[in-house]
Amino acid sequence: MRTALALVILLAAAVGLQAVREQQAPLASPTTENLLYVRSPEFMTRAALSYDLLLADVYWIRAVQHFGQTKLSKTQGKQYDLLLPLLDLATSLDPRFNIAYRFGAIFLAEDYPGGAGRPDHAIALLQKGLEQQPGKWEFAQDIGFVHYWWRKDYSEAAEWFTRAGEMPGAPNWLPALAAVTLAQGGNRESSRRLWQELLNSADAEWITTQARLRLSQLDAMDQIDTLERVVGLYAQRAGSPPRTWLDLVRAGYLRGLPVDPERYEYQLNPTSGAVTLAERSPLNPLPSREQPRR
Amino acid sequence: MRAVGHIAVNVFKESVRDKVLYSIVAFAVMLIAVSYLLGQLTAGQDLKIIKDLGLASIATFGLLIAVFIGIGLVWKEVERRSIYGLLTKPIRRWEFILGKYAGLMLTLLVNVSVMTAAFYAVLAYQGWGVDALARQAWPAPPMDPALLAAIALIFVELMLVTAIALFFSTFSSPFLSAVLTLGLWVIGHFNADLRNFENVLESRAAAWLARGLYYVLPNFDAFDIKAQVVHGQHVAASYIGLSMLYGAVYMALVLTGAVAIFARRDFK
Amino acid sequence: MDAISTEGLTKHFSVGFWRPRPYLALEDLTLQVGVGEVFGCLGPNGAGKTTTLKLLMQLIYPTSGRAEILGRPVGDVEVKRRIGYLPENPYFYDYLSAEELLEYFSALFGHPPAERRRRTSALLDEVGIAAERRLPLRKFSKGMLQRVGIAQALINEPDVVFLDEPMSGLDPLGRREIRELILRLRDRGCTVFFSSHVLSDAEALCSRVAILANGRLVSEGRLSDMLAFRIRGWELVVSGLTDAALERVRSSAGVLGATRLGPERYALDLPLTVPPERLLAELVATGAALVSLNPLRDTLEDVFVREVAAAPAARGLEGARG
């Protein structure tokens with residue numbers, strides 16, 4: 001049947017062209033402050049008529065897409081500046097869009113270039129969520145988390161953990177965590193606790209991926225501490241620091257070449273005795289061990 | 001082949017004598033003129049507003065014309081029985097379909113040209129007597145030829161919408177055709193979002209379905225370079241060419257479908 | 001070569017969306033129409049006449065069977081160049097004038113512009129709407145539309161013309177004009193195939209007829225064959241019939257009726273079984289006089305009613321033909 005054949009060929013051509021189009025360089029994005037026409041959530045909630053939830057979903061999908069594309073993009077000076085507005089719109093249209101708040105919490109706060117590098121935005125978004133749902137301890141915990149991990153403001157973090165701990169349904173280790181934070185600041189155990197908690201809550205794949213990354217990084221930091229101690233021990237006993245890992249293996253301090261949780265070999269600096277991650281390890285960059293902010 | 005031309009001319013005659021069409025075009029022209037006034041209110045964004053509103057008007061009113069005439073193209077003839085007189089003349093059924101399509105294309109071309117002329121008139125007026133300093137602030141000149149590229153792509157989009165409306169018109173009533181055509185148009189504009197569904201969907205099967213639909217459904221977003229043109233950003237000729245090629249192939253697909261359905265129909 | 005021939009032409013429609021049932025519009029139609037004939041396709045409403053015409057125009061496709069016009073399959077574009085068609089209750093394009101419509105259709109035949117104008121003018125005159133040529137068709141009455149319809153059917157000077165209810169919507173003067181037009185077409189050698197449920201037109205024009213009922217062909221043949229030699233009785237008109245004689249006539253066997261035409265003047269209706277000569281002789285003996293003696297033949301209407309009544313009725317049910 002000639003017509004059927006023509007139809008099949010044309011459909012294949014159309015699909016093919018769509019695929020080709022996908023491959024071509026995307027259109028230059030206009031300067032972003034002009035791209036999002038509607039920035040006012042107040043306007044949008046009125047204009048959406050009865051489709052608010054649907055529109056919230058659309059904005060959510062665009063937020064994720066914007067984040068993903070910007071993260072993967074190789075352009076200089078790329079910006080995540082649409083992330084907050086899009087999440088703001090999504091959560092204004094659907095105030096109970098919990099996953100949007102949590103996404104914001106993690107990726108707005110995350111240091112540039114992995115994220116927007118704006119913990120203040122993350123906190124603002126979470127506070128908006130708390131206004132809508134005052135009893136949601138997860139948001140309070142997340143605010144505390146942002147203060148803890150990215151702003152290194154341990155007293156603020158402790159206060160928020162306490163507040164979260166007082167909300168209905170909160171887990172019972174939160175007050176204890178607050179106390180530890182207040183006392184010891186950037187304690188690695190507490191950090192591990194928080195990320196483990198996030199991993200367990202497992203709202204979405206990107207949360208678990210991020211949590212796993214952090215936990216691996218914490219493990220790596222522990223391993224580095226141990227390795228540096230071993231190196232120090234060797235240097236004391238042998239009189240000079242080891243030149244390579246083999247020295248330590250031969251001396252019986254190690255059973256084999258040490259690798260990080262992602263299976264990349266640790267690098268030993270023979271002069272300083274410092275141990276670092278391999279350059280290509282995906283665990284780079286490790287969270288900083290700078291002094292806590294007061 | 002001659003027959004296609006005669007039928008097309010007849011469709012054009014019908015639209016020219018249709019008062020509804022005049023109202024639509026008049027309204028569009030009025031809106032474009034009004035955009036000049038709106039521009040005065042926006043302190044510095046006046047050129048942008050005129051360009052945005054002008055392009056949006058051309059696209060929207062063109063869409064209205066394409067859909068509301070397109071859905072009746074075949075249906076009206078069958079319903080009113082005028083098709084009996086026409087099909088018994090020495091024309092083939094596919095010539096009838098193509099003739100109707102070409103006629104509506106001609107109508108759209110004339111209407112879009114009229115709106116474009118009004119648009120450029122307003123732009124020219126806007127650009128008149130503005131000093132050099134203010135000019136520098138504009139990302140693109142008022143009478144930017146790149147606007148024509150945007151309008152050309154809008155026209156390709158309209159051609160595709162018309163083909164779809166005509167396709168539905170060969171077998172369903174106007175109301176249903178309008179709903180289906182507009183529905184496809186809306187989905188086609190959110191096509192890019194379909195692509196990203198797999199990022200947010202839990203089920204693999206659903207994500208594959210979304211991906212599949214993304215490839216098969218008409219992607220109307222491909223014809224939208226309004227934002228780029230208004231901000232004076234360069235759009236590669238290859239992008240425009242590829243989009244036009246895509247439009248042409250998809251149009252051919254839809255028209256072939258329309259011809260296939262129409263060829264088999266009984267006209268009771 | 002026949003002008004028109006069909007063989008086993010059948011059309012079933014599917015009625016209903018959820019559980020489609022078949023509807024038999026036309027069943028097994030086989031007939032031939034010779035070149036130059038005026039052929040009438042008769043039948044009550046819903047008999048399948050319009051279906052037959054649409055199958056011949058390939059506006060609908062047959063379920064089975066074949067049809068040919070001038071030796072080529074129906075629907076062939078070349079065939080369409082040589083035929084004309086008038087649809088039932090024709091409707092064209094409101095926004096065009098009669099002149100524009102005819103010129104449009106003429107253009108579809110590939111006639112150059114001057115030729116289009118000539119043909120259009122000639123036809124508008126022939127069907128009698130020359131005065132309204134510039135008026136948009138939306139302003140036309142039914143009768144005027146009918147005339148436009150006939151005009152567009154003849155725009156290409158066809159060899160075979162198909163008319164569906166050509167007299168519909170016309171006043172008596174109009175009907176006579178169209179009747180004459182059809183006869184003119186016949187004289188030019190054109191074959192005319194028309195469908196109608198008005199029998200007097202058929203009687204006046206046709207050389208052959210077919211009668212359809214309930215989707216089937218129930219009778220077909222030359223008009224003269226169908227009507228001739230089928231004398232069903234006599235009409236005897238006598239004058240000077242006394243009441244006593246009338247009584248005797250009435251009571252004698254066979255006389256079907258007596259209609260009084262005037263004082264002592266009666267028309268007697270006799271069946272075939274009563275030989276008119278003997279009765280006449282008796283009446284003359286009583287003093288009556290003969291005015292006229294006419295054989296009574298079946299009219300087409302009688303044939304029609306009889307054949308239609310006898311036609312098998314079932315058209316939607318399986319196996320009901322028996």
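Bear in mind that the values here come from a model prediction, so they are computed numbers and not experimental data.

**Topic: the overall build of chain C**
Okay, so step 1: Counting its secondary structure elements, chain C contains 11 helices and 14 strands.
Okay, so step 2: Scored against the burial criterion, the 322 residues of chain C give a buried share of 35%.
Okay, so step 3: Sequence-distant contacts in chain C: of pairs separated by 6 or more residues, those separated by 24 or more amount to 70%.

**Things to note about the sheet that holds strand β10 (residues 216-222) of chain C**
All names here are of chain C.
Okay, so step 1: Sheet architecture is open: 6 strands sit in the order β6-β7-β8-β3-β9-β10, paired in mixed fashion. Whereas interior strands pair on both sides, the edge strands pair on one side only; in this sheet they are β6 (83-86) and β10. Between one strand axis and the next, the sheet turns through 15 degrees on average, direction left out of account.
Okay, so step 2: For strand β3 (residues 38-42) and strand β8 (residues 191-196), the ladder comprises 5 bridges, and the chain directions are parallel. Bridging from a neighbouring strand, Val 38 pairs with Val 192 of β8.
Okay, so step 3: The sheet contacts of helix α11 (residues 300-310) involve β3, β9 (208-213) and β10, and relative to β9 the element is tilted by about 35 degrees.

**Considerations on the packing of helix α5 (residues 83-93) of chain A against helix α7 (residues 119-132) of chain A**
Residue and element names in this part refer to chain A.
Okay, so step 1: In contact at an axis separation of 11 Å, α5 and α7 are set at 0 degrees when each is read in the N-to-C sense. When the axes of α5 and α7 are compared, the pair comes out roughly parallel. In this structure, α5 uses Leu 84, Leu 87, Asp 88 and Thr 91 to contact α7, whose residues at the interface are His 121, Leu 125, Lys 128 and Gly 129.
Okay, so step 2: Of the residues assigned to the contact of α5 with α7, the class counts are 3 nonpolar, 3 polar and 2 charged.

**Quick notes on unusual backbone geometry**
Okay, so step 1: Even without a glycine there, the phi angle at Arg81(B) is positive, about 75 degrees.
Okay, so step 2: Mapped onto the elements, Arg81(B) comes out in the loop between α4 (75-80) and α5 (82-87).
Okay, so step 3: Located in the positive-phi region is Glu157(C), a residue other than glycine, with phi close to 45 degrees.
Okay, so step 4: Summarising the element assignment, Glu157(C) is placed in the loop between α5 (142-153) and β7 (160-164).

**Structural notes on the nonpolar core**
Okay, so step 1: Counting residues in each nonpolar core, the largest one holds 143 residues, and the members touching the most others are Ala163(B), Leu101(C), Val161(C), Phe162(C) and Val192(C).
Okay, so step 2: It is helix α8 (residues 146-169) of chain B that provides the largest number of residues to this core, a total of 17 residues.
Okay, so step 3: Ala163(B) has contacts with Tyr101(B), Met251(B), Val254(B) and Leu255(B), leaving out every residue within four places of it along the chain.
Okay, so step 4: Counting residues in each nonpolar core, the second largest holds 51 residues, with Leu83(A), Trp150(A), Ala164(A) and Leu198(A) among its members.

**Some details on the interface of chain A and chain B**
Okay, so step 1: With 25 residues of chain A at the interface, the matching set in chain B holds 26 residues.
Okay, so step 2: Breaking the side of chain A that touches chain B down by element, the ones donating at least two residues are α1 (2-23), α2 (32-35) and α4 (52-72) of chain A.
Okay, so step 3: The element that contributes the greatest number of residues to the side of chain A that touches chain B is α1(A), accounting for 13 residues.
Okay, so step 4: For the side of chain A that touches chain B, the per-class residue count stands at 17 nonpolar, 7 polar and 1 charged.

**Some thoughts on the interface of chain C and chain B**
Okay, so step 1: Each side of the interface is counted separately: chain C has 21 residues, and chain B has 21 residues.
Okay, so step 2: Elements with a contribution of two residues or more to the side of chain C that touches chain B: α2 (77-80) and α3 (98-108) of chain C.
Okay, so step 3: Each residue belonging to the side of chain C that touches chain B can be placed in one class, and the counts come to 17 nonpolar, 2 polar and 2 charged.

**Remarks on the sheet that holds strand β11 (residues 231-239) of chain C**
All names here are of chain C.
Okay, so step 1: The strand order across the open sheet built from 4 strands is β12-β13-β11-β14, with neighbouring strands paired in antiparallel fashion. What marks the edges here is a single partner per strand, and that holds for β12 (257-262) and β14 (289-297). Neighbour-to-neighbour, the strand axes of this sheet turn through a mean angle of 20 degrees, independent of strand direction.
Okay, so step 2: The pairing of β11 with β14 spans 8 bridges and is antiparallel. Along β14, the bridge assignment pairs Ser 239 with Ala 289.
Okay, so step 3: In the packing of helix α10 (residues 276-286) onto the sheet, the strands contacted are β11, β13 (265-271) and β14, and the crossing angle to β11 comes to about 15 degrees.

**Here's the deal with the environment of Met143(B)**
All names here are of chain B.
Okay, so step 1: Along the chain, the position of Met 143 falls in the loop between α7 (132-137) and α8.
Okay, so step 2: Here Met 143 falls in the exposed class, since 12 other C-beta atoms lie within 10 Å of it.
Okay, so step 3: Between the C-alpha atoms of Met 143 and Tyr 120, which are 23 residues apart in sequence, the distance is 6.6 Å.
Okay, so step 4: Once residues lying within four places of it in the same chain are set aside, the contact partners of Met 143 are Tyr 120, Leu 123, Ala 124 and Gly 127.

**Considerations on the confidence of the model for chain C**
Residues and elements named next belong to chain C.
Okay, so step 1: In the predicted model, chain C carries a mean pLDDT of 85, and 94% of its residues have values of at least 70.
Okay, so step 2: Every residue in residues 317-322 scores below 50 in pLDDT, and together they form 3 contacts with partners more than four places removed in sequence or on other chains.
Okay, so step 3: For this predicted complex, the interface score ipTM comes out at 0.84, alongside a pTM of 0.70.

**Digging into the packing of helix α1 (residues 2-16) of chain B against α3(C)**
Okay, so step 1: Two numbers describe how α1(B) lies on α3(C): the axes approach to 9 Å, and their chain directions differ by 160 degrees. In terms of axis orientation, α1(B) runs roughly antiparallel to α3(C). Relative to α3(C), α1(B) is oriented so that their crossing is left-handed. Together, Ala3(B), His6(B) and Asn10(B) of α1(B) and Tyr104(C), Ala107(C) and Leu108(C) of α3(C) make up the contact between the two elements.
Okay, so step 2: Across the contact of α1(B) with α3(C), the residue classes tally to 4 nonpolar, 2 polar and no charged.

What counts, and where the lines are drawn
- Residues numbered from 1 in each chain as written.
- Chains lettered and ligands numbered in written order.
- Predicted model: local features only at pLDDT ≥ 70, side-chain atom pairs only at ≥ 80, totals over all residues.
- Helix = DSSP H or I, 4+ residues; strand = E, 2+ residues; numbered from the N terminus.
- Buried ≥ 20, exposed ≤ 12 C-beta atoms within 10 Å, placed from the backbone.
- Contact = placed C-beta atoms within 7 Å.
- Pairing = 2+ DSSP bridges.
- Axes fitted to C-alpha atoms, helices over the stretch in contact; angles between N-to-C directions.
- Parallel < 35°, antiparallel > 145°, perpendicular 65-115°, else oblique.
- Nonpolar A, V, L, I, M, F, W, Y, C, P; charged D, E, K, R; others polar.
- Core = buried A, V, L, I, M, F, W, Y, C linked by C-beta atoms within 7 Å.
- pLDDT = per-residue confidence, 0-100.
- Left-handed = near helix turned anticlockwise from the far one by under 90°.

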